[in-house]
Amino acid sequence: MNEPLSILLPYQRRWIADQSQVKVSEKSRRIGITWTEAADRALGAATTGRSGIDGWYIGYNKDMALEFIEAAAQWARRFNRAAQAIEEIVLEDERANILAYRIRFASGHKIVALSSRPSNLRGKDGCAVIDEAAFHEDLPELLKAALAFTMWGGLVRIISTHNGAHSAFNELISEIRAGRRPYSLHRTTLDDAIADGLYRKICEQGGLEWNEAAQHKWRQQIVDFYGDNVGEELFCIPRASSGAYLSSVLIEARMRAGIPILRWQQPSEFSGRPEHERYSETQAWCEDNLAPVLDGLDQNLVTCFGEDFGRSGDLTVIWLLQIATDLVRRTPMVVELRNIPFRNQEQILFYIADRIPRFSAGAMDARGNGQYLAETAAQRYGSRIVQVMLSESWYRENMPRYKAAFEDGTIEIPKDADVLSDHRAFVLEHGVAKISERRSGSDGKGRHGDSAMAAALAYFASRADDGQFGYLAAPSARTRQSLSESGIQNNPFGAPPEEDAIAVRRHVRGF
């Protein structure tokens, strides 16, 4: 029987034991360094007299700030040190008021979690903690403000996974290794953490039995989950590009469980079957898989879609977004098609677009073979379809907005390993975010950022000017049944869109 592990694992104890004025952690994801730092800050703030020290935590979003404060409060209770309840406070700034979280201790010291603005650290002293430093917008200015703490004996703690070989964080690491910065450097990969008992601790806390085989399987699952980002995310190897455009931390913060991803693929011989057979089989798949989800959509919300085209190599992905009353773009459904003939892709797209409520816009990849499907959709749905020729200028104009949606929490996407891997495929090339040429995927067939591109196109469609769309919302299931009874058919290969629209308006309005 294994002996119980101590609360802190060896690499975590080494981090706390190092009392250098400035120390840096170059680390794997999810190994508990931030949690460990919360313990150190709780001890520092709870200590009375001159040995006590205030803590100032800098994350890049509100969720990180609150998580750190809650961890510090838990440590204070574990240490049996008196601390008041977590407070939500507003600090005054020359440009705007800043929301922050604070714990005050009986010692008179405090821990405060702030946003990522360098000016927030001015005029303060104690210990500055910069978390996920590689993902802050202006790390050099933030470091400049934090390092001022050291003039009066304060401390600076810098913690992060990597975000590209040319990031400010990796430049800092390189300068430390070159001896140009007199800071302490800790490097902890996933394998280092496992060797120090990370998986044993997970088993201990979860009531699981630890053994080498289970540990190996768990490690492999984690490695497979991160796909081609595994070096940067788990093994402290920065990517040779200018860095992943969207961090895993940011992507996962916007992921929600339970969003359906409907996947369909066919063997190569499917395309050689008679058209009526392919149509019938495709229609049956739509009725069995798509119809239940489409009928369950909120009929009052504006709905749009993005489509990234693929035929034999890449996937075709159709990504729906609904704009909620709080203006958050929420994903109700994603469809992934592999090796589906052109004509049947058209059938599936029309099946979806004919049924989504308040259909506002669709943005479709119109490059190469995708131009056919985008053109036929525009012929059917008119100006609601935007045929997008993806280019550097399109990426430069629209990717910053897509990233801002993740940062602002105004988009929700499925919690799925392939969706995460696809979004991590966006990398900066000469200052512009594009899909990396490297392939990834958990299905063993390879992906090329397909779902991420469809999602970005859907977000682009969701921002289309509503004033340009003079249309009637797509009918609900009940209306479709009524239309069918009135002789108005919803055949994917049916009447031109102008005639369909006239028939629908006459039926619904009664003229």
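Residues numbered from 1 in each chain as written. Predicted model: local features only at pLDDT ≥ 70, side-chain atom pairs only at ≥ 80, totals over all residues. Heavy atoms only, no water.

## Some words on the overall build of the protein
Right, on to step 1. Across its full length, the protein holds 18 helices and 19 strands.
Right, on to step 2. A total of 511 residues make up the protein; the buried ones form 54% of that total.
Right, on to step 3. Working note: accessible area of the protein is about 23100 Å², and carbon and sulfur atoms make up 48% of it. (Helix = DSSP H or I, 4+ residues; strand = E, 2+ residues; numbered from the N terminus. Buried < 20%, exposed > 50% of the residue type's maximum accessible area, 1.4 Å probe, protein only. Areas by Shrake-Rupley, 256 points an atom, 1.4 Å probe, with all protein chains shown as cover.)

## Some points on the environment of Gly368
Right, on to step 1. Within the secondary structure layout, Gly368 lies in the loop between β15 (359-365) and α13 (370-381).
Right, on to step 2. Judged by its relative accessible area of 58%, Gly368 falls in the exposed class.
Right, on to step 3. In this structure the C-alpha to C-alpha distance between Gly368 and Gly310, which are 58 residues apart in sequence, comes to 9.7 Å.

## What about a negative patch on the surface?
Right, on to step 1. A surface patch of like charges, here negative, comprises Glu137, Asp138, Glu407 and Asp408.
Right, on to step 2. Locating Asp138 in the fold gives a position in the loop between β6 (127-131) and α4 (139-147).
Right, on to step 3. Residue Asp138 is classed as partly exposed on the basis of its relative accessible area of 37%. (Patch = residues over 30% accessible without salt bridge, like charges linked within 9 Å, V, L, I, M, F, W, Y side chains within 5 Å. Salt bridge = Lys/Arg side-chain N within 4 Å of Asp/Glu carboxyl O. Lys, Arg positive; Asp, Glu negative; His and termini not counted. Charge placed at Lys NZ, Arg CZ, Asp CG, Glu CD.)

## Overview of the packing of helix α14 (residues 392-408) against helix α16 (residues 450-462)
When two helices pack together, you describe them by how their axes are tilted relative to each other and by the distance separating the axes.
Right, on to step 1. For the pair α14 and α16, interaxial distance at closest approach is 10 Å and the crossing angle is 90°. Our classification of the angle between α14 and α16 gives roughly perpendicular. Along the contact surface, α14 presents Trp394, Tyr395, Asn398, Met399, Arg401, Tyr402 and Ala405, while α16 presents Ala452, Met453, Ala455, Ala456, Leu457, Tyr459 and Phe460.
Right, on to step 2. Partitioned by chemical class, the residues of the contact of α14 with α16 number twelve nonpolar, one polar and one charged. (Axes fitted to C-alpha atoms, helices over the stretch in contact; angles between N-to-C directions. Parallel < 35°, antiparallel > 145°, perpendicular 65-115°, else oblique. Contact = heavy atoms within 4.5 Å. Nonpolar A, V, L, I, M, F, W, Y, C, P; charged D, E, K, R; others polar.)

## Quick look at the environment of Thr189
Right, on to step 1. Here Thr189 shows up in the loop between β8 (184-188) and α6 (190-195).
Right, on to step 2. Here Thr189 falls in the buried class, since its relative accessible area comes to 8%.
Right, on to step 3. Through-space distance from the C-alpha of Thr189 to that of Lys27 is 5.7 Å; in sequence the pair is 162 residues apart.

## What to know about unusual backbone geometry
Right, on to step 1. A positive phi angle is found at Cys236, which is not glycine, with a value near 60°.
Right, on to step 2. In this fold, Cys236 is placed in the loop between α9 (230-234) and α10 (248-253).
Right, on to step 3. The class of Cys236 is buried, set by a relative accessible area of 4%.
Right, on to step 4. A positive phi angle, near 60°, is found at Asn339, a position not held by glycine.
Right, on to step 5. Within the secondary structure layout, Asn339 lies in the loop between β14 (334-338) and α12 (342-353).
Right, on to step 6. Exposure remark for Asn339: the relative accessible area of 16% places this residue in the buried category.

## Here we look at the packing of α12 against α13
Right, on to step 1. Put simply, α12 and α13 touch, their axes get as near as 10 Å, and they point 40° apart. With respect to the hand of their crossing, α12 and α13 are arranged in right-handed fashion. Here Phe342, Arg343, Gln345, Glu346, Leu349, Phe350 and Ala353 of α12 come into contact with α13, specifically with Tyr372, Leu373, Thr376, Ala377, Arg380 and Tyr381.
Right, on to step 2. A per-class count over the contact of α12 with α13 returns eight nonpolar, two polar and three charged. (Left-handed = near helix turned anticlockwise from the far one by under 90°.)

## Here we look at the pairing of strand β17 (residues 411-414)
Right, on to step 1. Two elements, strand β9 (residues 255-256) and β17, share two bridges in a ladder whose sense is parallel. Bridge pairing links Arg256 to Pro414 in β17.
Right, on to step 2. Where strand β13 (residues 329-330) meets β17, two bridges bridge the pair, whose relative direction is parallel. What sits directly across from Arg329, in β17, is Ile411. (Pairing = 2+ DSSP bridges.)

## Some details on the side chain of Arg41
Right, on to step 1. Note that Arg41 resides in helix α2 (residues 33-46).
Right, on to step 2. A polar contact is formed between the side chain of Arg41 and the side chain of Asp40, at a distance of 3.4 Å.
Right, on to step 3. Beyond its immediate sequence surroundings of up to four residues, Arg41 is in contact with Ile53, Gly55, Phe68, Ile111, Cys127, Val129, Leu155 and Arg157. (Polar contact = N/O pair within 3.5 Å; in protein donor to acceptor, adjacent residues only side chain to side chain.)

## Structural notes on the nonpolar core
Right, on to step 1. By size, the foremost hydrophobic cluster in this structure holds 114 residues, and its most contacted members are Leu121, Ile158, Trp319, Tyr402, Phe426 and Met453.
Right, on to step 2. When near neighbours in sequence (up to four residues on either side) are disregarded, Ile158 contacts Trp15, Val22, Lys23, Val24, Ser25, Ile130, Ala133, Leu143, Phe169 and Leu172.
Right, on to step 3. Listed in part, the 34 residues of the second largest apolar core include Leu290, Val293, Leu349 and Phe359. (Core = buried A, V, L, I, M, F, W, Y, C linked by side-chain atoms within 4.5 Å.)

## Thoughts on the confidence of the model for the protein
Right, on to step 1. Summarising the model, the protein shows a mean pLDDT of 83, and 82% of its residues fall at 70 or more.
Right, on to step 2. In this model, residues 466-511 is a region of pLDDT below 50 whose contacts with residues beyond four sequence positions or in other chains number 65 contacts. (pLDDT = per-residue confidence, 0-100.)

## A look at the pattern of salt bridges
Right, on to step 1. This structure, assessed with the given rule, holds 30 salt bridges.
Right, on to step 2. Here Arg273 makes a salt bridge to Glu277, at a shortest N to O gap of 3.5 Å.
Right, on to step 3. For Arg273, a relative accessible area of 31% translates into the label partly exposed.
Right, on to step 4. Via salt bridges that share partners, Arg29, Glu232, Glu233, Glu252 and Arg424 belong to a single interconnected network.

## Points about the packing of aromatic side chains
Each aromatic ring pair is characterised by the separation of its centres together with the angle its planes make.
Right, on to step 1. Inspection of the entire model under this criterion finds 16 aromatic pairs.
Right, on to step 2. Ring centres 4.1 Å apart and planes at 10° place the aromatic pair Tyr57 and Phe68 in the stacked group. With Tyr57 in strand β2 (residues 55-58) and Phe68 in helix α3 (residues 62-79), this residue pair connects regions lying eleven residues apart in the sequence. A single burial state applies to Tyr57 and to Phe68, both of which are buried.
Right, on to step 3. Ring geometry for Phe342 and Tyr372: centres 6.5 Å apart, planes at 85°, overall edge-to-face. Residue Phe342 is located in helix α12, and its partner Tyr372 is located in helix α13; the two are separated by 30 residues in the primary sequence.
Right, on to step 4. Phe342 gets classed as partly exposed once you look at its relative accessible area, which sits at 31%.
Right, on to step 5. Put simply, the rings of Phe305, Phe350, Phe359 and Tyr381 pair up and form one aromatic cluster.
Right, on to step 6. One cation-aromatic arrangement involves Lys23 over Trp15; the distance from NZ or CZ to the ring centre is 4.2 Å. (Phe/Tyr/Trp six-rings, centres within 6.5 Å; stacked < 30°, edge-to-face > 60°. Lys NZ or Arg CZ within 6 Å of the ring centre and 35° of its normal.)

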